[in-house]
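Listed below, chain by chain, are the residues.
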Amino acid sequence: LLYFSFRFIQTQRLGFLIIIPLVSSIGLFTIPIFLFPLLGSMIWIFYELIKKYNNNKRKIFNYFIFIILSTFSITTFLYTPTIIISNGVDKIINNKYITGDYNGVYPDDLLFFFNSTVEFLFFNSAFIFITVILLLLQLYYHYRESILFLLSQVVGIMVLIIFLETIPPTYTLLYILPFI
C-alpha cells in the first residue's frame, strides 16, 4: 500500500490509483485490523495531495471518494461468500467459539496501552527505546517525508481509538515496526 500510494502521489497515474483500493481491500479481507494502517496511509496520502495540489481540491476529493468507495465495494464483495454461508454478519461477529483479546477501555487504559506497546515493540529495553528515538530524530532532520508517514500512522491510530472508544491489543500495532 505504501509503495503504490507513494508512486501515485509522484506520477498521478491511473494504474496506481486503481491498485490502492485493491491492496486495501485485500488487507481488510485478510485481517480486519488492517484498518489501522489503512487510515494512517489515507491521512498521509491526503496530506501529500493537498501539499502537491493545493489549488485543485475537487481533484483531491474525487481521488478520495474513488479510493473509499472502491475499497468498501471490493471488501464487501470479498466478504459476501462468508456472510452468505454463515447466514449473516451477526453469526460472524458474535461467534462464541472465537474469543478476541482484551480490548482496553478508552481513556482509562490509555496509559497501560502505551506502556505495553513500548514493552512489546522495544522488548522492555531502555537502550533500544532511546536508540530508536534518536534514530527518529535523525530521520526527522534529514528525511521529513518518512517521519510524516509514521506520524500519520500514529494519528490514524489515535483517531480510531477515540472514534471506537476502545483500545486494541498491543500486537495490533506490530505493522509499525518496519517503518521504524
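Residues numbered from 1 in each chain as written. Predicted model: local features only at pLDDT ≥ 70, side-chain atom pairs only at ≥ 80, totals over all residues. Heavy atoms only, no water.

Before going further, it helps to spend a moment on the overall build of the chain. What the chain contains, in helices and strands, is eight helices and two strands. Starting at the N terminus, the α and β elements of the chain follow one another as α-α-α-α-α-β-α-α-α-β. Expressed as a percentage of the 180 residues in the chain, the buried residues total 33%. Pairs at least 24 apart in sequence give 70% of the contacts found in the chain among residues at least 6 apart. Carbon and sulfur atoms make up 71% of the accessible area of the chain, which amounts to about 11,900 Å² in all. (Helix = DSSP H or I, 4+ residues; strand = E, 2+ residues; numbered from the N terminus. Buried < 20%, exposed > 50% of the residue type's maximum accessible area, 1.4 Å probe, protein only. Contact = heavy atoms within 4.5 Å. Areas by Shrake-Rupley, 256 points an atom, 1.4 Å probe, with all protein chains shown as cover.)

With that settled, the discussion passes to the nonpolar core. Membership of the largest hydrophobic core comes to 19 residues, with the highest contact counts inside it found for Phe8, Ile20, Leu38, Met42, Ile45, Leu49 and Phe64. Secondary structure elements with two or more residues in this core: α1 (2-11), α2 (14-30), α3 (35-52) and α4 (57-85). Residue contributions to this core peak at five residues, all from α3. Setting aside its immediate chain neighbours within four residues, Ile20 contacts Leu1, Phe4, Ser5, Phe8, Met42, Ile45 and Ile67. (Core = buried A, V, L, I, M, F, W, Y, C linked by side-chain atoms within 4.5 Å.)

For Gln12, which is not glycine, the phi torsion reads 60 degrees and is therefore positive. With respect to the element layout, Gln12 can be found in the loop between α1 and α2.

What follows deals with the pattern of salt bridges. As enumerated under the stated definition, the model contains one salt bridge in all. A salt bridge links Lys51 to Glu48, with the shortest nitrogen-to-oxygen separation between them at 3.6 Å. Of this pair, Lys51 and Glu48 both sit in helix α3, separated by three residues, roughly a single helical turn. (Salt bridge = Lys/Arg side-chain N within 4 Å of Asp/Glu carboxyl O.)

Here we come to the packing of aromatic side chains. Two aromatic rings, taken as a pair, are described by how far apart their centres are and by the angle between their planes. Summed over the entire model, instances satisfying the criterion amount to six aromatic pairs. Consider the rings of Tyr3 and Phe4, whose centres lie 5.3 Å apart with planes at 70 degrees: the pair is edge-to-face. Aromatic pair Phe4 and Phe16: ring centres 6.3 Å apart, planes at 35 degrees, arrangement tilted. Note that Phe4 is positioned in helix α1 and Phe16 in helix α2, a separation of 12 residues in sequence. Take Phe16: its relative accessible area is 11%, and that puts it in the buried class. An aromatic cluster is present here, built from Tyr3, Phe4 and Phe16 joined pairwise through their rings. (Phe/Tyr/Trp six-rings, centres within 6.5 Å; stacked < 30°, edge-to-face > 60°.)

Our focus in this paragraph is the confidence of the model for the chain. Chain-level statistics for the chain give a pLDDT mean of 78 and a share of 81% at 70 or above. Between the elements of the chain, mean pLDDT differs from a low of 64, seen in strand β1 (residues 104-105), to a high of 91, seen in α2. (pLDDT = per-residue confidence, 0-100.)

With that settled, the discussion passes to the side chain of Ser70. With respect to the helices, strands and loops of the structure, Ser70 is situated in helix α4. For Ser70, a relative accessible area of 15% corresponds to the buried category. Engagement of the side chain of Ser70 in a polar contact is seen with the backbone oxygen of Phe66, the distance being 2.7 Å. Here Ser70 is in contact with Pro21 and Ser25, once residues within four sequence places are set aside. (Polar contact = N/O pair within 3.5 Å; in protein donor to acceptor, adjacent residues only side chain to side chain.)

Taken together, the side chains of Leu151, Val154, Val155, Met158, Val159, Ile162, Phe163 and Leu164 make up a nonpolar region of the molecular surface, amounting to roughly 710 Å² of accessible area. Counting through the fold element by element, Val154 comes out in helix α8 (residues 144-164). Residue classification places Val154 among the partly exposed positions, given a relative accessible area of 38%. (Patch = residues over 30% accessible without salt bridge, like charges linked within 9 Å, V, L, I, M, F, W, Y side chains within 5 Å.)

Examined against the element boundaries, Ser73 turns out to sit in helix α4. In this structure the C-alpha to C-alpha distance between Ser73 and Ser25, which are 48 residues apart in sequence, comes to 8.5 Å.

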